[in-house]
Amino acid sequence: MAQKPTDQRHQSQIDAGTTGRKRGHAFEKELADRISSVKKTSSLFCAPPHTHCITGRAEIELLRYIIFTEKISGFDSIETEWLGGHATMEKCDATKQKGKGTKSKSDIVVRFHVGKEVIERGVSVKVCNKKSPTNDQIYFTTASAFCELLKSHGIPVSDKAVNAMRCFCGDSGFTPDNIGNSGFKLSDMVADMSSRASDTKRWFWEELPTSARKEWECDIFSKHQDKITRLLLQKAYPNDPIEPSYILHQTHKCEDASSRSMAIFSMDEIVKYSRRFNGFHCNEYKIRKGSWKHDPAMHLAPRFGFVQFQRAGNRQHPTQLQFNLKAGYFNDIKADP
């Protein structure tokens, strides 16, 4: 459903989001088309560079990476599908997977036809069109839906922890000015409300009840970091017709398609490198702009590995939970020991 702007600034935000999405979809579609037209040459079967950050033609470098990783010695033909637009109701290729959903974490599907065998792999495509790397959104959902995703994959989340995450997002009845649905008391959150000069529509991470926050930090994110990272990148849509096995990320604005800067990973690799980079931790920050820029408090921003998450807080989706890959994560790869 189209969003209704409340003022010109809001309209500009909607337009910027639409423009970015369309640019991303255009690149996905172009990449799928280019892969389908690639001719089989010996260069495709050469080992890719010993780095995840690569400069070249996206279609060639992606195929080389998959061929090398999968140990594909030859193929008769390549077929692709573009699925990226399904999640945002754009026109795209109809999935060939029968009896499953249409939304997919895979933006394109690559199929290698090798005799009677078909090797099919999904690819998640990320596009940065800025001069320097930016945060890249990987999942956008409600607090309750995120908790259900974890529970559906065997990660226990107590009712108290669910309510705490809803407080963090500012769901109705879970806010500082109305906490009635949460099961918590104001004294569970802060010692003195009169000294609180922060946003009245949400609780900050450091304000969550101690036991619930400890459950999230120690029992959920720390114990299940790899699994949660994989869920966000690969398994966030129920009945996904084909989960992505690879990520291709254009790292910044491209001026020449023959020398595109990109990072390519298998899912196993990015999950491993994310954990190696860091476990669960919190970064301190102050509110620098907006209605609460005079808030003197230091707040905590939760992180695990390359993943950071926060309450969206925008006019379109104020209480959604937003997960991003940190800006420039591909430059923070720690080599294998």
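Residues numbered from 1 in each chain as written. Predicted model: local features only at pLDDT ≥ 70, side-chain atom pairs only at ≥ 80, totals over all residues. Heavy atoms only, no water.

1. Side note on the packing of helix H4 (residues 159-169) against helix H6 (residues 210-222)
Moving on, step 1. As a packed pair, H4 and H6 sit with axes 9 Å apart at the nearest point and diverge in direction by 105°. By the angle between their axes, H4 is roughly perpendicular relative to H6. Touching Lys160, Ala161, Ala164 and Met165 of H4 are Ser211, Ala212, Glu215, Trp216 and Phe221, all from H6.
Moving on, step 2. Taken together, the residues of the contact of H4 with H6 sort by class into six nonpolar, one polar and two charged. (Axes fitted to C-alpha atoms, helices over the stretch in contact; angles between N-to-C directions. Helix = DSSP H or I, 4+ residues; strand = E, 2+ residues; numbered from the N terminus. Parallel < 35°, antiparallel > 145°, perpendicular 65-115°, else oblique. Contact = heavy atoms within 4.5 Å. Nonpolar A, V, L, I, M, F, W, Y, C, P; charged D, E, K, R; others polar.)

2. Some points on the side chain of Ser106
Moving on, step 1. Note on placement: Ser106 falls in the loop between strand E2 (77-82) and strand E3 (108-114).
Moving on, step 2. A polar atom in the side chain of Ser106 sits 2.8 Å from the backbone oxygen of Ile242. (Polar contact = N/O pair within 3.5 Å; in protein donor to acceptor, adjacent residues only side chain to side chain.)

3. A closer look at the sheet that holds E3
Moving on, step 1. Strand order in the open sheet formed by six strands is E1-E7-E6-E4-E3-E2, with mixed pairing between adjacent strands. The open sheet terminates on both sides in strands that have one partner only, identified here as strand E1 (53-56) and E2. Averaged over all pairs of adjacent strands, the angle between their axes in this sheet comes to 30°, without regard to strand direction.
Moving on, step 2. Two elements, E1 and strand E7 (residues 260-266), share four bridges in a ladder whose sense is antiparallel. Opposite Ile54, over in E7, you have Met262 as the bridge partner.
Moving on, step 3. Packed on one face of the sheet, helix H2 (residues 58-70) meets E1, E2, E3, strand E4 (117-127), strand E6 (244-250) and E7 and runs near 20° to E7.
Moving on, step 4. Its contacts with the sheet put helix H8 (residues 267-277) on E4, E6 and E7, and the angle it makes with E7 is roughly 90°. (Pairing = 2+ DSSP bridges.)

4. Here's the deal with the pairing of E7
Moving on, step 1. Most of E7 sits inside the fold, with six of its seven residues counted as buried.
Moving on, step 2. Two elements, E6 and E7, share five bridges in a ladder whose sense is antiparallel. Looking at E7, one finds that Gln250 is bridged to Met262. (Buried < 20%, exposed > 50% of the residue type's maximum accessible area, 1.4 Å probe, protein only.)

Structural measurements only, silent on function.
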